[in-house]
Each structure stands twice: as C-alpha cells, then as structure tokens.
Amino acid sequence: MRTLRVREDNASEEASLRALESLMTEFFHDCTTNERKREIEELLDNFAQQIGAWRLCLYFLSSTRNDYVMMYSLTVFENLINKMWLGVPSQDKMEIRSCLPKLLLAHHKTLPYFIRNKLCKVIVDIGRQDWPMFYHDFFTNILQLIQSPVTTPLGLIMLKTTSEELACPREDLSVARKEELRKLLLDQVQTVLGLLTGILETVWDKHSVTAATPPPSPTSGESGDLLSNLLQSPSSAKLLNQPIPILDAESEYMCSLALECLAHLFSWIPLSASITPSLLTTIFHFARFGCDIRARKMASVNGSSQNCVLGQERGRLGVLAMSCINELMSKNCVPMEFEEYLLRMFQQTFYLLQKITKDNNAHTVKSRLEELDESYVEKFTDFLRLFVSVHLRRIESYSQFPVVEFLTLLFKYTFHQPTHEGYFSCLDIWTLFLDYLTSKIKSRLGDKEAVLNRYEDALVLLLTEVLNRIQFRYNQAQLEELDDETLDDDQTEWQRYLRQSLEVVAKVMELLPTHAFSTLFPVLQDNLEVYLGLQQFIVTSGSGHRLNITAENDCRRLHCSLRDLSSLLQAVGRLAEYFIGDVFAARFSDALTVVERLVKVTLYGSQIKLYNIETAVPSVLKPDLIDVHAQSLAALQAYSHWLAQYCSEAHRQNTQQFVTLVSTTMDAVTPLISTKVQDKLLLSACHLLVSLATTVRPVFLISIPAVQKVFNRITDASAQRLVDKAQVLVCRALSNILLLPWPNLPENEQQWPVRSINHASLISALSRDYRDLKPNAAAPQRKMPLEDTKVIIHQTLSVLEDIVDSVSGESTKSRQICYQSLQESVQVSLALFPAFIHQSDVTDEMLSFFLTLFRGLRVQMGVPFTEQIIQTFLNMFTREQLAESILHEGSTGCRVVEKFLKILQVVVQEPGQVFKPFLPSIISLCMEQVYPIIAERPSPDVKAELFELLFRTLHHNWRYFFKSTVLASVQRGIAEEQMENEPQFSAIMQAFGQSFLQPDIHLFKQNLFYLETLNTKQKLYHKKIFRTTMLFQFVNVLLQVLVHKSHDLLQEEIGIAIYNMASVDFDGFFAAFLPEFLTSCDGVDANQKNVLGRNFKMDRDLPSFTQNVHRLVNDLRYYRLCNDSLPPGTVKL
C-alpha cells in the first residue's frame, strides 16, 4: 500500500488520494474485521492531527467523487478549525477562508446534500472563530447568496447553519465571544427577517391565482360562521380565503428552507417589532398548505408518484409554518407592543382550526383530519396546548376574543381526532383548561357564578361526550382497537384511555357537581338494570349454574354492557371525593343513593356467585362478570371516607340505616374471602375489608356475624391459606378492628382489656408455626427441611410486618397492645437471626421486620431490649460478613446491608440520650468496616444508605462533635465551639469529598444536598475545622467537576454550593484560593491565567458570583482546547 506524507507534489497527491480511497473502501467493506477497522481509524486520526494535512484534504475535495473521502476531508477541516485554529499560521487561514467558499460555490449543485451541508457547517465554523475581525465579509456573503436567485437555496442553508452554530454555540468558546456573536447576529435580525419575508411573499404572489389584494368587503368571508367573530377585519378573512397557489418543486424547496430558517431564528430572538404583521400573515398563508386537502386529493387522483411527492411536500410546508408559529407561541414573556400581534396570530390560527373542522357534505370532519399530514395535526395540537397553557389568561380579557366559540372549535377538533394519541393530547388540553378555570374561580370567588355560567354549556357538552367515548354502546369500533394486555408504565393502553377520560370527568364534577352527577348516574343506572336482570337467565345445570344467554348477538350486547358498567363504576368511584368534607350534608342524598346501589350490586354478585357461573363464551363473559364484581367493590371502597363521615354523624343519631349499609357490605365481602375465588375479586374484597376496618371503624364491626366468620377462618390452622397478598390484607383488617381506637368515643369506652386479649390470641394463632421454630434446651430444634422453614418465616413475617406498619402512626395505646401481642415473636426472630445470617433471603426478611419494628414500636420495645437487638446486629455484621454480603451475594446481600444501615438511621435519629452510647460503634462500623468495602466499587449499591446514615448521625448528634457552651452561644463569634471526636468528623467529611470524585450522579446530588442542609441547619461551613482545613478543598473539587463536565446536569446546584462555601470567607476566596487555583491549572499559559483572574469580578451576590464561576469554567475549558493543538509531524497513512 502506498504511503502519504504531508508535502506538495502532484504525483504524490494523486497517490495519496488513491491510498485514502482504498482505505475508506476497505473500512466500510462488510468483510473488514473490527481489529483492522481500529488500525485504519488510528491512521486517519493521526493524519488529521497534523497542521499541514488540510492542503491535501483541499486537493482530495476538489479531485474525488468518493463520498467517504469527502466526508473524511471535511472532518479534518472541522477538527482543525474547532480544536487547532489558534495554532494555524494566518497565511494558511486566509487561504482556507478563500478556498472553501469557492469550492462550495463551484460544486454546490452537484455535491450530495449531506456533503454540501457539512461544507456549509465548516465555513460557518470559521465564521464563528473569525467574523467580523478576520473574516469581515462572512455574513455579507450569506446575504448576497440569498439575494441572488441562482444561489438563494444555498444562502438559506448557510443562514440556518449560522443561526444554529452562532446563536447558541455548542463548541467551547469564551463567554465574551459567545456574547459578541449573539450581539452581532441580533444586529442582522431585521435585515434577515426582511429578506425571508420577501422570499415567501414573492413566491406566494407569483403563483397566486389572484395576486392583487381584494378591497375590503363589508361581509366576512363565509356567512354564518365564526369568522366574523374571530377576525377583526373582513379583509383579512378575504385574504385567508384566497385559493392556495400550486407551487413548482423549486419554489416549494425554497419556501421550506426559508420557513426552517424562521423556525430556528424564532427559537432565540426576542419577540419584537422586527417580527412584522406582514411576516406573520405570510407564515399563516403557508400554514394553510397543511389543511389543503384539495392539493393532496389531486396528487393522488393524477396517480403519478411525482404528484404524490408534491402533495406531501405541500403538507410539509404547512408543518414548517406551524413550527414557526409554535416557536413564537412558546415564549411566555410577551412585550406590551407584541400583544396585538399575538391576538392577530390567534385569530388567524383559529381561522385554520375552523377550516379543518368545518363540516361540509362531502366530508365529515374526521375523514378530513385523517387526510391531513399526521405531523401537521400534531403541530396544530401543540399550538392549541401552548395557547391554553401560556396565553389563555392573557387573551381571555380581550372583549373581541370569543373564548366560547374557540371552545366549540376545540370540541369538534378533539372528538374527531383520527388517532388515540391525538385524542389523548386533546384531552390534555381540556385538562389544562379545566385547571385554569378552577384556579381562576378559587382566586375570584365573587365571580364564581358569572364564570361558570359563561362556560357551563361547554363543560356539560364535554362531560357528556367524554362519557360517551368510554362506552362501547357509542364507541365500540374505537374501543376495541385499544390494547388491554400489554403494560406500558404500569398501565395498558385501555387503562390509560379510561384514566385520562375519568380525570376530565372528575375535573368537571369539581366545577359543576350537580350537572355532572345528573349526567352520570342515569347512565350507570341503565347498565345496572341489565346486570341486575341477569338473575332471571340463570339455570341450574349438572355441574352448577349456567347463564342461559347463548345467541351470538345477545352475548355481544351483554359483553358491551358489562364493559361499560365496569367503566362507569370506576367513574362513580372517582367522584367519591366530591361528596365529603364541607359538602357532606348538601350532597348527602346523592351520595346515599350511590352507596346504596353499590352495596346492593356487590351483595347481588356475591349471592348468585356470578364469578363461578358457566357462560356461552367463557373467555369473554367470565372475565367481564368478574371485573364488574371487582369494580363494584372498588367503587364502594372509594366511598369509605364518606362512610366514615356518615359514621361520625350516625354516632350522634345512631341510625339503623348506617348499620345496615355496613353489615350488608360485610355480607357481600365475606363469601369472597376464599381460595376458590379468583385473585382479582378476592383482592378487591380484601381491600374493601381493610378500608372498613381502618377508615370507617364502626364500633359494631367486630360483632357482625360475617366478620366473626372471617376471624374463625383466618385463625383456623386447618383452613387453606389465602394467596400471600390477600392473607396479609385480611390479617391487617382483623388486627386493625381490634387495635384502632373507635372514633367519637372516650378512652374509658374503648373496651381495651377485651380487645387486647382478642388481639393476643389472633397474633398467637397467626404466629403458631413460627414460634415453634425457636430452639430451646429442653427440646432441641426439630429438624425440618430448610425450604419449609423459609416458607414459614416468609409467611409469618410478611403478615406481622404489615400489622406493625399499619399501626405505626396510631395512638400509644394501639401500639402498646400490638407490641404485647408480638413480643414473643420478636424474641423468636432475634434468637433465629444468627442461625440464618448466611441465608441472605431470610436475613433480608428478618431485617425488614426489625426495621418496621424500630420505626413503629421502638418506644414500646423499651431500651434494654432495643439495645440487645442493636448489639446482636453489630456483633453479627463483622467485616467478613459485610464483605460476603456486599461482594458475593449480589443484590440480596446488598439489600441486607442497606436494611441494617436503615435500622441504624432510625437509631441515630432518636432524640434524648438513650442510644447515644452506640454512636462510636456505629460510626466505626460505617467508616472502618462498610466504607472501605464500597468506597472503590463503581456500583452505587449501599453507598446512598451509608451516606444517609452518616448525614443523619451528624445532623441529629451535632453536639457529639461540637460542644456548645451557653457562654459561647451568648458571645456568638467570640468563643469558638469546642470540638470533640475530631478524627471521626474528619473521616466522615473526607468520605463526602471522595464521593464527589465518582461518576454516580445520584449519589453526588444526594451528598451535595446533605452538606448544604448541614450548612443551613448547623452552619457546617462556618465551623473552624471546616473553614481552615476543608473549605477550599471542597470548592476545588466542585470546580474541577464543573471543568470536567462530568456532572453537567447539576451545574446549578454545584454553583450555589460553591457560593455558599466561598461566602464564609470571600476575602480568602478572592485573595488566596482563586490565584492558587489558577496557578495549579495545567494546560493554560500565564497570560491566560491572568485574563481568567481578571474576568472573575469580585461580586458577592449569588447570581453574579455563580455567573462568574460558570464564566471561569467555560473560558478555562476554551483556553485548554485552544492550547491543545499538537506540534506538526509526519504521519504515514
């Protein structure tokens, strides 16, 4: 293979080009090995590093037709300009600045588009470095290209690239240069916008059927529509009604480039008078291309692929124009003088919205929306979202803006969306509107009636339509397309559809409770009639009961009705919160009607055992019947807070009605608590039972026969155990019935003695097998297979842990009784713990149990026993055991250690002196045993918990390290606090410092937050030991992190932390730290260091200081980049 040297001689240039072409072909060939590819990559990289390489690349560009070679040559230029430009001799720079644009002008029509765009980018990169000082005609050249008809498209590509690369430069530039570039560009904005307006207007007028503007006419464009309302001047309506011109391909291309430029410019220029009304009107003309179905129709009728492409291109112009409009819309800060423009924009966009949703005979709205380009509809929806979320409050006050008519159009647009995603996006817009309305009413309660009256019709219409959309009765075809099996974000497509729809229903309910209820309840009633009427079709067959509905059509209708009933039950459940609190009395009768129906339905389902019935289409109807039954229980559960409020009212009046509701509910629930019932239904019944026991808490619950039945079933050793989740829920409910105080009763009527005895016997029955595992001297442990033992431990601890957890926030008496019942099981657990220390799955469950005990019942456990537990754990978790858990047992092992550390977190937070004696051994466990094992591991396991434990140790035990005397606190600032346990404090701080050098961003964020909290609460940064030995080490580490860009997402937090640390000693920061930091910086020369130091102003306020920090970091990186150009050398290819 030939070699390549950087020298000039025609024969060797030719040879080098051939060598490069064959290298490139080889690199992209299927058969080339990865090893060989790496070799070629290295060769090419080394060649690109040489300063003289560009000359050959210039020759390659003008002499080859090989795309790979051209792309490589341009990459060499890009590298030279962005990373080595400072070191390039000025003569060479002049040559490059003159040759590349010439090359572009000569070949732009023949180059592949991606090579042409790359070449434009390289020329813009030069402009970014040298304009205006050394490349004064850079921008003038672009303007000239745009103004010359032959090169207009090329000029537009250059302009867009300039806007992308110079307005928000991605590569590193000094902050001063970034600011200079933006100012230079802003000076050109007016000229550029004028040129772009000119291009778009010229094309439009040239192709327009009626180029002349018609005189203003007294009538609006179309009679009987909303135009007269939405558009102030009839002439603008006329203008927008002009037929859309047919463009040739070249004009089409030019307009799309001009619109792309505008969209990018709008993303960064401020709203100002430069954006003229004529420009806005022109953009709207082009937005009409998106809703011009006629052109698309013609394209498909004429059949040629050329025409189809044209139709798509036209649609694309509409999409680009909407992108421009949305860029302007997304700006929240609107100067006064621009408000009128905005109003005009809205009016023109709503003209388009009306055009899209206008119903004429040949076309229903939906099929028109289906024919529009999908991206156009998306952009239009984005526009509507921005209008409602950013500008509605601003525009609503304009008398000439008809919000109600707008909602009418939005309604049509929403309910004719051709895709589910489009419909979801529109529901989001309604949700934003309803939130806006709710907050407006809350802030102006006096106007509540007026506001509601204005929107009432629209809201009732919305509610009715959303309800229709979730029912198979009205919307079967669409609903059957929804997937109800694949989970995405924990919900299926159908569940998401239903949930979003019900959120809208709930928000309307909040605004118009009576209307919403009177709309929803009759629909629920209709479907309930069908369900309750099924009883007459049940016949007894040999194997049990059968539903005697067999005709295919009847089965299909039943399926739809059951699906609808299930959805409506969810809707009724979602509205439960609007019947409680202040409105309880006012809406009592409505709520009572609902609850009575729900109780009736659940009882009916349980009595005739619909979940076990045979049907003609078991794969469809059986799940339907189970789902309706489960949803009726869930809806009833949603009303448990209403029942609780009724309970406290009933307590005063002792009404039989309430007692009946609760006991009938229990009659519906009890038969379902059985292993013969499907899990979905069983769990719904269990959750309802828990809510009755926990939220409602009626005094008579325990005496209801149905509840007694459940107690007997759960405590009967011979009864078959329910699935884990159900067993846990039922045990929680039974425990809560006995433990939780009854509302509205004095302490002496709570019957604690008898409840305490009952609770003890309940727990005793639940933990029987578990307590038998305890080894004792008289009867050494019976040998049982390990797996069986594990099952007993798992089953018992999951139940006991849940019982403790559910009582942890309750009264002292409840927790006392709970611990008395559990005491023996807790002691058994502690005795068993050492035996299972090497079974990490068992240890994990035991520690979970102990963690819950420590959080909920540590006071009840008493100090001696708690100390015994902590000591046992500290003895068991030796360094070897910790290493085994963390390093060899994978995620379960790490979880065990994390739970152990969580228990210690509870211990160190305990106020008072009780657990203070453990502090030294806890800190030594952390710093001498756990920390060394995990410090160097890249994995984040255990680290977050360890640092949280260290933080809590400091935060809650500050006086363990800093003894504050009364005198010192009186003479603040004169006497320093005494320091104790200094080595431990320093070790902890050092560990925090180390954590900032590691890549894990979550740990970094957490630990930075901990240090900042310690400073806010305990003045950490002001302490002498921190100030004198650690402060500037931390600042140094944080600055280095910013310079290395390793945790860029946390830039803002790091900047604030540096400020808080520096502000403790600004003088020291400016006089000593900063010069020292700059002196130690490598990769920058003395002069650059001086500039960096001078540019860091001595501001002492947070915004200016952090700005200075980010400027220092940015410019330091930039100087290093400039200085990184390598010395020239010869590299062979």
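Residues numbered from 1 in each chain as written. Predicted model: local features only at pLDDT ≥ 70, side-chain atom pairs only at ≥ 80, totals over all residues. Heavy atoms only, no water.

Caption draft 1: Examining the overall build of the chain more closely. Scanning the chain for helices and strands turns up 52 helices and 4 strands. Along the longest, intermediate and shortest principal axes, the C-alpha atoms of the chain span 100 × 85 × 70 Å. If you take every contact in the chain between residues at least 6 apart in sequence, the share linking residues at least 24 apart comes to 75%. Here the chain displays about 50200 Å² of accessible surface, and carbon together with sulfur accounts for 52% of that area. Taking the 109 positively charged and 128 negatively charged side chains of the chain as two groups, their mean positions are separated by 1 Å. (Helix = DSSP H or I, 4+ residues; strand = E, 2+ residues; numbered from the N terminus. Contact = heavy atoms within 4.5 Å. Areas by Shrake-Rupley, 256 points an atom, 1.4 Å probe, with all protein chains shown as cover. Lys, Arg positive; Asp, Glu negative; His and termini not counted. Charge placed at Lys NZ, Arg CZ, Asp CG, Glu CD.)

Caption draft 2: Representation of the pairing of strand E2 (residues 544–547) within the structure. Here strand E1 (residues 538–541) pairs with E2 via 4 bridges, running antiparallel. When the sheet's bridge partners are listed, Thr540 is paired in E2 with His545. Between E1 and E2, which pair antiparallel and follow one another directly, the connecting turn spans 2 residues. (Pairing = 2+ DSSP bridges.)

Caption draft 3: Representation of the nonpolar core within the structure. Of all hydrophobic cores here, the largest spans 393 residues; its most connected members are Phe77 and Leu100. When residues of this core are assigned to their parent elements, the largest contribution, 12 residues, is made by helix H9 (residues 175–207). (Core = buried A, V, L, I, M, F, W, Y, C linked by side-chain atoms within 4.5 Å. Buried < 20%, exposed > 50% of the residue type's maximum accessible area, 1.4 Å probe, protein only.)

Caption draft 4: Up close: unusual backbone geometry. In this chain, Trp131 is followed by Pro132 through a cis amide linkage whose omega measures 0 degrees. Note on placement: Pro132 falls in the loop between helix H6 (113–130) and helix H7 (138–147). Positive phi outside glycine occurs at Asp490, with the angle close to 70 degrees. Of note, Asp490 is situated in the loop between helix H22 (472–481) and helix H23 (493–511). Its identity as a non-glycine residue notwithstanding, Lys1045 has a phi of 55 degrees, on the positive side. You can see Lys1045 is positioned in the loop between helix H48 (1031–1044) and helix H49 (1051–1062).

Caption draft 5: Expanded view of the packing of aromatic side chains. A full pass over the atoms with the stated rule returns 74 aromatic pairs. Joined through ring pairs, the aromatic side chains of Phe1032, Tyr1059, Phe1066, Phe1069, Phe1070, Phe1073, Phe1077, Phe1096 and Phe1105 make up one cluster. Just above the ring of Phe27 sits the side chain of Lys37; from NZ or CZ to the centre is 5.5 Å. A cation sits over an aromatic face here: Arg755 above Trp742, 3.9 Å from the ring centre. (Phe/Tyr/Trp six-rings, centres within 6.5 Å; stacked < 30°, edge-to-face > 60°. Lys NZ or Arg CZ within 6 Å of the ring centre and 35° of its normal.)

Caption draft 6: Inspection of the side chain of Ser323 at higher detail. Here Ser323 lies in helix H15 (residues 305–329). Ser323 gets classed as buried once you look at its relative accessible area, which sits at 15%. Only 3.4 Å separates the side chain of Ser323 from the side chain of Lys379, close enough to count as a polar contact. Setting aside residues no more than four positions away along its own chain, Ser323 makes contact with Ala263 and Lys379. (Polar contact = N/O pair within 3.5 Å; in protein donor to acceptor, adjacent residues only side chain to side chain.)

Caption draft 7: Up close: the packing of helix H41 (residues 919–934) against helix H45 (residues 982–995). Where H41 contacts H45, the two axes come as close as 11 Å, and the packing angle between them is 40 degrees. The angle between the axes of H41 and H45 places the two elements in the oblique class. You can see that H41 and H45 cross each other, and the crossing is left-handed. Across the interface between the two elements, Pro920, Ile923, Met927 and Tyr931 of H41 pack against Gln984, Ala987, Ile988, Ala991 and Gln994 of H45. (Axes fitted to C-alpha atoms, helices over the stretch in contact; angles between N-to-C directions. Parallel < 35°, antiparallel > 145°, perpendicular 65-115°, else oblique. Left-handed = near helix turned anticlockwise from the far one by under 90°.)

Caption draft 8: Just the pattern of salt bridges, in detail. Within this structure, the stated rule accounts for 42 salt bridges. Residue Arg97 is joined to Asp130 by a salt bridge in which the shortest nitrogen-to-oxygen separation is 2.5 Å. In this pair, Arg97 sits in helix H5 (residues 90–107) while Asp130 sits in helix H6, placing the two residues 33 residues apart along the sequence. Arg97 sits in the buried class, given a relative accessible area of 12%. A salt bridge links Lys899 to Asp844; the shortest N-O distance between them is 2.7 Å. Linking Lys899 in helix H40 (residues 890–909) with Asp844 in helix H37 (residues 840–861), this pair joins segments that are 55 residues apart in sequence. As far as the burial class goes, Lys899 and Asp844 line up, both buried. What you see here is one network of salt bridges that share partners, running through Glu78, Lys118, Lys121, Asp125, Arg128 and Glu165. (Salt bridge = Lys/Arg side-chain N within 4 Å of Asp/Glu carboxyl O.)

Caption draft 9: Quick look at the environment of Leu853. Considering the arrangement of structural elements, one finds Leu853 in helix H37. On the basis of relative accessibility, which here comes to 0%, the residue Leu853 falls in the buried class. As a C-alpha pair, Leu853 and Glu747 span 106 residues in sequence and 25 Å in three-dimensional space. Contacts of Leu853, omitting those with residues within four sequence positions, involve Val804, Val826, Arg858 and Met861.

Caption draft 10: Broad picture of the state of the cysteines. On inspection of all chains with the given rule, the structure shows 0 disulfides. The thiol of Cys168 is unpaired, and the distance to the nearest cysteine sulfur, on Cys261, comes to 15 Å. Not engaged in a disulfide, the cysteine Cys324 finds its nearest cysteine sulfur in Cys261; these two sulfurs lie 9.5 Å apart. (Disulfide = S-S within 2.5 Å.)

Caption draft 11: Expanded view of helix H13 (residues 277–287). Burial of H13 is extensive: 9 of the 11 residues sit out of reach of the surface. For H13, the complete set of buried residues consists of Leu279, Leu280, Thr281, Thr282, Ile283, Phe284, His285, Phe286 and Ala287.

Caption draft 12: Focus on the packing of H7 against helix H8 (residues 152–166). Close contact between H7 and H8 brings their axes to 7 Å; oriented N to C, the two are set at 140 degrees. Judged by the sense of rotation from one axis to the other, the crossing of H7 with H8 is left-handed. The residues of H8 that touch H7, namely those facing Phe138, Phe139, Ile142, Leu145 and Ile146, are Thr152, Leu154, Gly155, Leu156, Met158, Leu159, Thr162 and Leu166. Counted by class, the contact of H7 with H8 contains 10 nonpolar, 3 polar and no charged residues. (Nonpolar A, V, L, I, M, F, W, Y, C, P; charged D, E, K, R; others polar.)

Caption draft 13: Layout of the confidence of the model for the chain. Across the chain, pLDDT averages 86, with 90% of residues at or above 70. Taken as a whole, residues 297–308 scores under 50 in pLDDT and shows 7 contacts with residues more than four places along the chain or in a different chain. Low confidence marks residues 1126–1133, where pLDDT is under 50. Its contacts with residues over four positions away, or in another chain, come to 24 contacts. (pLDDT = per-residue confidence, 0-100.)

Caption draft 14: Geometry of the environment of Thr32. Relative to the helices and strands, Thr32 is located in the loop between helix H1 (10–27) and helix H2 (34–48). In this structure the C-alpha to C-alpha distance between Thr32 and Ser256, which are 224 residues apart in sequence, comes to 41 Å. Apart from the residues lying within four places of it in its own chain, the contact partners of Thr32 are Glu26, Phe27 and Lys37.

Caption draft 15: Broad picture of H6. Helix length check: H6, at 18 residues, gives a terminal C-alpha distance of 26 Å against a target of 26 Å (1.5 Å per residue), a fit within 8%. Counting buried residues along H6, 15 of its 18 residues qualify, which places the element largely inside the surrounding structure. (Expected span 1.5 Å × (residues − 1).)

Caption draft 16: Layout of the environment of Gln860. Turning to its location among the elements, Gln860 is positioned in helix H37. Taking the C-alpha atoms as reference, Gln860 lies 39 Å from Tyr1021; in sequence the two are 161 residues apart. Beyond its immediate stretch of four places on either side in the chain, Gln860 contacts Thr812, Arg815, Gln816 and Tyr819.

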